[in-house]
Amino acid sequence: MNVPNTLTLARVLLIPVFIVFLSKGDLFGLPLDTRSFIALVIFSIASITDWLDGYIARKTGQITKLGKLFDPIADKLLTSAALILLVDHNRASAWIVILIIGRDFAVTGLRAAAAGEGHIIPAAEGGKAKLVFQTIAIIALLMDMSMKFEYLDTYLIGTVSMWVSMILAVVSGFMYFKNNWRKIGLIGGE
C-alpha cells in the first residue's frame, strides 16, 4: 500500500459516513440542512483525495495496477452513493442517475474483462470530464440542500451539470467500448 492507494482506501471508508449523514431519517436530532452540509464537506474531502491520489501517483512514480483498477471503482462507489441519495431527496432525476450509474457499471465490467486478458484500460478524457461535471452537480445539489445563496442558484447549476454529466457519460461510455472491446475478445483480437 503506497500513499495514493491509501488515499483511495480512505475515500472508500468515507462513503458509509457520507451515506449516514445524507440518508433520510433522524440522526441525533440534526436537521436535514445540517446533515446535508456535513455530507457536502465529506463528499468534498473525498473528491479532493481523488485528485490528490492521482497527482501523487504521477509525480512520485507510484502508479500501480491496483491503483488503476481501485481508483475508478472508489470514484464510482462515492458518486453512485451520492447520486442515489440525491434522487431520494428529489434533487436529481432517477432516469439520469440510472444512465450514469449504468454506464459506470458497463465501463467497470469492460475494465474487469480487459484486466482478465492482461490489459489495463486507464481513464479516458471523456470519462474524466464526466466525473468533473458529475462532481460539480453533486456539490451544487448538496449546497442547495444545506445553504441558500441570494444570487446563486445552486439547484440550477447542479441540474445543468447533471445533464452535461449524463451526456458525457453516454458518449464516453460508447467510446470506451468502441476503443477497447478488441482487448476482451468481443471482436477480432489485437
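Please refer to the structure placed before this passage.
This section reports on the structure supplied with the text. (Residues numbered from 1 in each chain as written. Predicted model: local features only at pLDDT ≥ 70, side-chain atom pairs only at ≥ 80, totals over all residues. Heavy atoms only, no water.)

## Some thoughts on the side chain of Thr-154
Summarising the element assignment, Thr-154 is placed in helix 6 (residues 154-180). Within polar-contact distance, the side chain of Thr-154 engages the backbone nitrogen of Asp-144 at 3.4 Å. In contact with Thr-154, not counting residues within four places along its chain, are Ala-140, Leu-141, Met-143, Asp-144 and Phe-149. (Helix = DSSP H or I, 4+ residues; strand = E, 2+ residues; numbered from the N terminus. Polar contact = N/O pair within 3.5 Å; in protein donor to acceptor, adjacent residues only side chain to side chain. Contact = heavy atoms within 4.5 Å.)

## A short note on the environment of Val-3
Relative to the helices and strands, Val-3 resides in helix 1 (residues 3-22). Its relative accessible area of 45% is what places Val-3 among the partly exposed residues. Taking C-alpha positions, Val-3 is 8.2 Å from Gln-62, a pair spaced 59 residues apart along the chain. Excluding residues within four positions of it along the chain, Val-3 makes contact with Ile-56 and Gln-62. (Buried < 20%, exposed > 50% of the residue type's maximum accessible area, 1.4 Å probe, protein only.)

## Some thoughts on the packing of helix 1 against helix 2 (residues 32-60)
Two elements in contact, helix 1 and helix 2, have axes whose closest approach is 9 Å; the angle formed by their N-to-C orientations is 165°. Looking at the two axes, helix 1 sits roughly antiparallel to helix 2. The chirality of how helix 1 crosses helix 2 is left-handed. Here the contact of helix 1 with helix 2 is composed, by residue class, of 17 nonpolar, three polar and four charged. (Axes fitted to C-alpha atoms, helices over the stretch in contact; angles between N-to-C directions. Parallel < 35°, antiparallel > 145°, perpendicular 65-115°, else oblique. Left-handed = near helix turned anticlockwise from the far one by under 90°. Nonpolar A, V, L, I, M, F, W, Y, C, P; charged D, E, K, R; others polar.)

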